[in-house]
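Spelled out, the chains give:
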Amino acid sequence: QVQLVESGGGLVQAGGSLRLVCAASGSIFRINDMRWYRQAPGKQRDLVAGISSGGTTAYADSVKGRFTISRDNAKNTVYLQMNSEKPEDTAVYYCNADLQQTAGSLFRAYWGQGTQVTVSS
């Protein structure tokens, strides 16, 4: 069994910062890409940022220069540092990871349960 558990969400004023953490646990052999998505009420779930196992990163245009994704492979953990927060960043943030449970098994995508981020103006 694999679990992805997010933490670090909350309420922040515009211009403030939050740091999200997502830790993967359970039967894990290898993790490839890890990502953060977000979903605002009434909207689709959108990709915010992604990071490969080698540390290559990619960002949505809306967060470039404000958010930073990083990971600790030894801890199976991915982070999202969010600075200069805007009200439009308000959403539920989800962690996503492509991982193998055993050597030779297929990579599958796993999701966390989500953490709420609310930015007040």
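Residues numbered from 1 in each chain as written. Predicted model: local features only at pLDDT ≥ 70, side-chain atom pairs only at ≥ 80, totals over all residues. Heavy atoms only, no water.

A count of helical and extended segments in the protein gives zero helices and 11 strands. Reading the secondary structure of the protein in the N-to-C direction produces β-β-β-β-β-β-β-β-β-β-β. Taking 14 Å as the expected radius of gyration for a compact globule of 121 residues, we find that the protein reaches 14 Å, a close match to that expectation. Structurally, the protein occupies a C-alpha span of about 50 × 25 × 25 Å along its principal axes. A buried classification covers 39% of the 121 residues belonging to the protein. (Helix = DSSP H or I, 4+ residues; strand = E, 2+ residues; numbered from the N terminus. Rg over C-alpha atoms; globule rule 2.2 N^0.38 Å. Buried < 20%, exposed > 50% of the residue type's maximum accessible area, 1.4 Å probe, protein only.)

On to the side chain of Gln100. Within the fold, Gln100 resides in strand 9 (residues 91–100). For Gln100, a relative accessible area of 7% gives the class buried. Reaching out from Gln100, the side chain makes a polar contact with the backbone oxygen of Ser105 at a distance of 2.9 Å. Not counting the four nearest positions on each side in its chain, Gln100 is found in contact with Ile28, Phe29, Arg30, Ser105, Leu106 and Phe107. (Polar contact = N/O pair within 3.5 Å; in protein donor to acceptor, adjacent residues only side chain to side chain. Contact = heavy atoms within 4.5 Å.)

Side chains of strand 7 (residues 67–72) alternate between two faces, with Phe67, Ile69 and Arg71 buried and Thr68, Ser70 and Asp72 left unburied. The pairing of strand 7 with strand 8 (residues 77–82) spans six bridges and is classified as antiparallel. Pairing of Ser70 across the sheet is with Tyr79, part of strand 8. (Pairing = 2+ DSSP bridges.)

If you look at the biggest cluster of nonpolar residues, it comprises 27 residues, and the most contacted ones within it are Leu4, Trp36, Val48, Val78, Leu80, Met82 and Tyr93. Every element with two or more residues in this core is listed here: strand 1 (2–7), strand 3 (18–26), strand 4 (30–39), strand 5 (46–51), strand 7, strand 8, strand 9 and strand 11 (115–120). In this view, Met82 contacts Gly16, Ser17, Leu18, Leu20, Arg66, Phe67, Tyr93 and Val117; residues no more than four positions away in its chain are not counted. (Core = buried A, V, L, I, M, F, W, Y, C linked by side-chain atoms within 4.5 Å.)

Read across the open sheet, the four strands follow the order 1-3-8-7; overall the sheet is antiparallel. Edge positions in the sheet fall to strand 1 and strand 7, since each of these pairs with one other strand and no more. This sheet shows a mean twist of 15° between the axes of neighbouring strands, independent of strand direction. (Axes fitted to C-alpha atoms, helices over the stretch in contact; angles between N-to-C directions.)

Moving on to the pattern of salt bridges. Close approach of charged atoms lets side chains of opposite charge pair. Enumeration over the complete set of coordinates arrives at five salt bridges. A salt bridge links Asp98 to Arg35, with the shortest nitrogen-to-oxygen separation between them at 2.7 Å. With Asp98 in strand 9 and Arg35 in strand 4, this residue pair connects regions lying 63 residues apart in the sequence. We note that Asp98, like Arg35, is buried. (Salt bridge = Lys/Arg side-chain N within 4 Å of Asp/Glu carboxyl O.)

The next subject is unusual backbone geometry. Here the phi dihedral of Asn76 falls at roughly 50°; this positive angle occurs in a residue that is not glycine. On the secondary structure map, Asn76 appears in the loop between strand 7 and strand 8. Positive phi, normally seen in glycine, also occurs at Ser84, with a value near 50°. Looking at the secondary structure, you find Ser84 in the loop between strand 8 and strand 9. Ser84 gets classed as partly exposed once you look at its relative accessible area, which sits at 41%.

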